[in-house]
Structures are given as C-alpha cells and as structure tokens.
Amino acid sequence: MNFSRLLNDTVSILKPDGATSPTLKAAISKNQITLENVFLIEPGDLVVRTMSNGGTETFRVIDPGFKEKFHAIPAH
C-alpha cells in the first residue's frame, strides 16, 4: 500500500518566527496529525489545515513524535 494515499488533508506549518512551510499532505485524526517529514516540525509550531469548504483549522504541536523510515513506510 502506498503511504501517500492515506494523506488526504492539506496543511502548512507556521513557525513561531513567522516562517511557513510549503503546502504538505497530511492525515488528521482526533489526536494525531501524520505527514511525510519533509519539513522540520518542533513543539510550538502551528499546523494550519486548509479545508475544501475554504475554512481553516489550526493545531499547536505539542510533541512532534518523529518516526524514522521503516521498510516501505517513509519517515513521518
């Protein structure tokens, strides 16, 4: 199974200094946001989700929970 197919949400990361990541694909659930790690995410960063209805949701990172690549699953 292709891990990327599970990433159905669009997010960007907003750093405390105002820097913003490029748009990233993510999977957002009740207590977790999963995305392929192409951008350094740290505690205090904001994850901004853009929804198809034009709205946004903002989540504050408490624990980035980085996972290294494991077989066919990329680092996330």
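Keep in mind that this is a model prediction, so the values were computed, not measured.

**Quick word on the overall build of the protein**
Thought 1: Each helix and strand in the protein was counted, giving zero helices and five strands.
Thought 2: Moving toward the C terminus, one meets the helices and strands of the protein in the order β-β-β-β-β.
Thought 3: Every one of the 76 residues in the protein was classed for burial, and the buried ones make up 24%.
Thought 4: When contacts within the protein are restricted to residue pairs at least 6 apart in sequence, those whose partners lie at least 24 apart make up 37%.

**Quick word on the pairing of strand β2 (residues 24–29)**
Thought 1: Relative to β2, strand β1 (residues 9–14) runs antiparallel, the two sharing three bridges. By the bridge assignment, Val-11 is partnered in β2 with Leu-24.
Thought 2: Relative to strand β3 (residues 32–35), β2 runs antiparallel, the two being bridged by four bridges. For Ile-28, the partnering residue across the bridge sits in β3 and is Ile-33.
Thought 3: The turn joining β2 and β3, which pair antiparallel and follow one another in sequence, is formed by two residues.

**Topic: the sheet that holds β1**
Thought 1: Taking strand neighbours across the sheet as the criterion, the five strands line up as β3-β2-β1-β4-β5 in an open arrangement whose pairing is antiparallel. In this open sheet, the two edge strands, each paired with only one partner strand, are β3 and β5 (56–60). Looking at each pair of strands side by side, their axes are set apart by 40° on average, direction ignored.
Thought 2: Relative to β5, strand β4 (residues 46–50) runs antiparallel, the two being bridged by five bridges. Counted as the bridge partner of Leu-46 is Arg-60 from β5.

**What about the environment of Leu-6?**
Thought 1: For Leu-6, the location among the structural elements is in the segment before β1.
Thought 2: Sequence separation between Leu-6 and Leu-35 is 29 residues; the distance between their C-alpha atoms is 9.3 Å.

**Examining the pattern of salt bridges**
Thought 1: Counted according to the given criterion, the structure contains four salt bridges.
Thought 2: A salt bridge links Arg-49 to Glu-57; the shortest N-O distance between them is 2.7 Å.
Thought 3: Exposure remark for Glu-57: the relative accessible area of 30% places this residue in the partly exposed category.
Thought 4: Overlapping salt bridges, with partners in common, bring together Asp-9, Arg-49 and Glu-57 in one network.

Basis of the calculations
- Residues numbered from 1 in each chain as written.
- Predicted model: local features only at pLDDT ≥ 70, side-chain atom pairs only at ≥ 80, totals over all residues.
- Heavy atoms only, no water.
- Helix = DSSP H or I, 4+ residues; strand = E, 2+ residues; numbered from the N terminus.
- Buried < 20%, exposed > 50% of the residue type's maximum accessible area, 1.4 Å probe, protein only.
- Contact = heavy atoms within 4.5 Å.
- Pairing = 2+ DSSP bridges.
- Axes fitted to C-alpha atoms, helices over the stretch in contact; angles between N-to-C directions.
- Salt bridge = Lys/Arg side-chain N within 4 Å of Asp/Glu carboxyl O.

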